[in-house]
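# Chains, contacts and geometry: an overview
Here is how the chains run, residue by residue.
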Amino acid sequence: MLKSLTTVGGNTMLSRVLGFIRDLVLARVFGADAATDAFFVAFKIPNFLRRLFAEGAFATAFVPVLMEYKEQRSHDELKALVDHVAGTLGLVLLVVSFLGVLAAPLLVSVFAFGWVMEGATEKLELAAQMLRLTFPYLLFISLTAFAGGILNAHNRFAVPAFTPVLLNLCLIGAALWLSPMFDQPVVALAWGVLIAGVAQFAFQLPFLHRLQLFPAFRPAPRHEGVSRIMKLMVPALFAVSVVQINLLLDTVLASFLQTGSISWLYYSDRLMEFPQGVLGVALATVILPGLSRRHADGDPRAFSQTLDWGLRTTVLLGTPAATGLAVLSAPMIATLFLSGNFDPLDVRMASLSLMAYSVGLLAFILIKVLAPGYYARQDTRTPVRIGLIAMGVNMLFNLALIFPLQHAGLALATSLSAFVNAGLLYRGLRKRGVYHPGSEWKTLWLKVLLSCAVMGGVLGWGVPALDMWIAAGFLLRAGWLALWIGVGMVVYLGCLYVMGIRPRHLRNAS
């Protein structure tokens, strides 16, 4: 599992690095204004549905059933399941995409209601125009997630992990080469999103063919396996993506704030998603098939040990990532995005929301490890109840923090509600006897927190002030950032080594 995590994490890191390059290009070409706010709304709606539906509810319902067929049934039965799921999923998504294109102005009005209140007709029309191009992305990226689930179940982790690279390449190409061809240059990004969806799905098809599982797209909602997946998906549609729903609510509320707030939240969220993607998405990708396999084998001890490995890995790597992100928030934003169109005010504002998001980074990753503990056992109801509680808590925090902290308050509310979500998921697994923590957790926590405190102190003392970062050139800023990230890593790992933490603590006990 550690080898698989390294494979997925490495490819995800490549995607995230290209994602940073993409966002750097977008910030320098388009800046942070009304037009970029409109694109991010048009992109966020299908992207939210992708995370909610494709990577969220569908993946958590599909993979456990797929693993059961793979482990306990013939290849012909497995192929029939793949064909029927592909056909049913494709048909549903085709209808949803058609309705989404027709209802684009209504969807934009709902998700950016503040623009309706302020009478920002041009922003609403531009966002609706781009949403008609970006919404079909949901169809293709959901089929991509379907193909990736099959490949992951067969331990072909590298291909699905590499696939998101294509989205970044398409958007970079659209920004640099397509945008000059449009009267409204930002519309080119919407075309880039649509092209990327087609490219990502097509890229995975040859690898399915090698497994003799090329989908035949035969709709059959009454097929036994398809029916089970659909039943599991209904509650999971909400539960698995509470974090994404909270982020979307941030966009709705941010539309009431000053122009640029949506873009500041977007850029800070993108930076927060780097460690969340490299570690959190990689862990979720690897651990769900592993837990599903152990549940199908009827081995509760190995199931608990796999969960324990995931949580240990999260704490050892996620805690210093959150610390570093908080301390280096402003230098990171300045290094990556500062330009003529993304000015020092944008840097300061985006860094505030990044610091707020960093508070919840550990919780975001823990959710991705804990939730599969329910889904692998085909329990999607419990996370629904927990998700509803977390959603309510997030709204309360939003209302309490948006007035004193503006957009940063929305980010902080999302972070705090994520801890509520993770805590309740953990408590549920313990109460049911599904998870039994190892004996070294208290010592591990103490060593990790002390190491993070030392690392944070060194970075806080040595990192130059923000005014110096803003005044420096790009190459100097990049050099400083690389240096201080390296210093932070060396200090943290050195402290862990002195206190007795070794690589074996990342191994799966089972």
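Predicted, not measured: the structure shown is a model, and the values here were computed from it.

So, about the overall build of the chain. Looking only at helices and strands, the chain features 21 helices and 0 strands. Relative to its length of 510 residues, the chain is compact, with a C-alpha radius of gyration of 22 Å against a globular reference of 24 Å. With the C-alpha coordinates aligned to their principal axes, the bounding extent of the chain is approximately 65 × 60 × 40 Å. The buried share of the chain, reckoned over its 510 residues, is 60%. Split by element, the accessible area of the chain, about 20,100 Å² in all, is 68% carbon and sulfur.

Scanning the model with the defined rule gives 15 aromatic pairs in all. Between Tyr266 and Tyr267 the ring centres are 5.4 Å apart and the planes differ by 75°, which places this aromatic pair in the edge-to-face class. Look at Tyr266 and you get buried, because its relative accessible area is 7%. Here the aromatic residues Phe39, Phe40, Phe43, Tyr137, Tyr266, Tyr267, Phe337 and Phe342 are joined through ring pairs into a cluster of three or more. For Arg28, the ring lying beneath its charged end belongs to Phe474, and the centroid distance is 5.3 Å. In this structure, Arg73 is placed above the aromatic ring of Tyr69, and the distance from its NZ or CZ to the ring centre is 4.1 Å.

Next up on the list: the nonpolar core. In globular proteins that are soluble, nonpolar side chains generally tend to be buried together. Trp115, Met130, Phe146 and Leu189 are the most contacted members of the largest nonpolar core, which has 154 residues in total. Element by element, the count of residues in this core is highest for helix α2 (residues 34–72), at 16 residues. Once residues lying within four places of it in the same chain are set aside, the contact partners of Phe146 are Phe58, Phe62, Val82, Val85, Ala86, Leu89 and Pro215. Counting 5 residues, the second largest nonpolar core, distinct from the first, contains Val8, Phe157, Ala161 and Ala282.

Their axes nearest at 8 Å, the elements helix α6 (residues 121–134) and helix α10 (residues 187–210) cross at an angle of 20°. Here α6 lies roughly parallel to α10, going by the angle between them. Between α6 and α10 the crossing geometry is right-handed. Facing α6, whose interface residues are Leu126, Gln129, Met130, Leu133 and Thr134, α10 presents Val187, Ala190, Trp191, Val193 and Leu194. Tallied by class, the residues present in the contact of α6 with α10 amount to 8 nonpolar, 2 polar and no charged.

Compared with the 20 Å implied by 1.5 Å per residue over 14 residues, the 19 Å span of helix α9 (residues 165–178) between its first and last C-alpha is a close match. Where α9 is concerned, the buried positions are Val165, Leu166, Leu167, Asn168, Leu171, Ile172, Gly173, Ala174 and Ala175.

Turning next to the environment of Thr306. With respect to the helices and strands, Thr306 occurs in helix α14 (residues 300–327). For Thr306, a relative accessible area of 0% translates into the label buried.

What follows concerns the pattern of salt bridges. Applying the stated criterion across every chain, the model contains 8 salt bridges. The residue Arg73 makes a salt bridge to Glu224 at a minimum N-O spacing of 3.7 Å. Of this pair, Arg73 sits in the loop between α2 and α3 (75–102) while Glu224 sits in helix α11 (residues 224–239), and the two are 151 residues apart along the sequence. Residue classification places Glu224 among the partly exposed residues on the basis of a relative accessible area of 38%. Between Asp467 and Arg348 there is a salt bridge whose closest N-O contact spans 2.7 Å.

Turning next to the side chain of Thr314. With respect to the element layout, Thr314 can be found in helix α14. Given the relative accessible area of 0%, Thr314 is considered buried. Apart from the residues lying within four places of it in its own chain, the contact partners of Thr314 are Leu279, Leu283, Thr319, Leu362, Ile365, Leu366 and Val369.

Right, let's talk about the side chain of Thr134 for a bit. Structurally, Thr134 is set in helix α6. The buried category is assigned to Thr134, whose relative accessible area is 0%. When neighbours within four sequence positions are excluded, Thr134 is seen to be in contact with Ala42, Phe43, Pro46, Ala190 and Val193.

By the secondary structure assignment, Lys44 is in helix α2. Separated by 91 residues in sequence, Lys44 and Phe135 place their C-alpha atoms 9.7 Å apart.

This brings us to unusual backbone geometry. In this structure, Gln212 takes a positive phi of about 60° despite not being glycine. Looking at the element boundaries, Gln212 is found in the loop between α10 and α11. Phi is positive for Phe217, close to 55°, though the residue is something other than glycine. Inspection of the secondary structure assignment puts Phe217 in the loop between α10 and α11.

This part covers the packing of helix α13 (residues 261–296) against helix α18 (residues 381–431). At a minimum axis separation of 10 Å, α13 and α18 run at an interaxial angle of 40°. If you check the angle between α13 and α18, you find them oblique. For the element pair α13 and α18, the recorded crossing hand is right-handed. Contact residues: α13 offers Ser261, Trp264 and Leu265, while α18 offers His407, Leu410 and Ala411. Tallied by class, the residues present in the contact of α13 with α18 amount to 4 nonpolar, 2 polar and no charged.

Low-pLDDT portions of the prediction should not be read for the details of their coordinates. On average, the chain scores 86 in pLDDT, and the residues at 70 or more come to 94%. Ranking the helices and strands of the chain by mean pLDDT puts helix α19 (residues 441–462) first, with 94, and helix α12 (residues 242–254) last, with 68.

Conventions we followed
- Residues numbered from 1 in each chain as written.
- Predicted model: local features only at pLDDT ≥ 70, side-chain atom pairs only at ≥ 80, totals over all residues.
- Heavy atoms only, no water.
- Helix = DSSP H or I, 4+ residues; strand = E, 2+ residues; numbered from the N terminus.
- Rg over C-alpha atoms; globule rule 2.2 N^0.38 Å.
- Buried < 20%, exposed > 50% of the residue type's maximum accessible area, 1.4 Å probe, protein only.
- Areas by Shrake-Rupley, 256 points an atom, 1.4 Å probe, with all protein chains shown as cover.
- Phe/Tyr/Trp six-rings, centres within 6.5 Å; stacked < 30°, edge-to-face > 60°.
- Lys NZ or Arg CZ within 6 Å of the ring centre and 35° of its normal.
- Core = buried A, V, L, I, M, F, W, Y, C linked by side-chain atoms within 4.5 Å.
- Contact = heavy atoms within 4.5 Å.
- Axes fitted to C-alpha atoms, helices over the stretch in contact; angles between N-to-C directions.
- Parallel < 35°, antiparallel > 145°, perpendicular 65-115°, else oblique.
- Left-handed = near helix turned anticlockwise from the far one by under 90°.
- Nonpolar A, V, L, I, M, F, W, Y, C, P; charged D, E, K, R; others polar.
- Expected span 1.5 Å × (residues − 1).
- Salt bridge = Lys/Arg side-chain N within 4 Å of Asp/Glu carboxyl O.
- pLDDT = per-residue confidence, 0-100.

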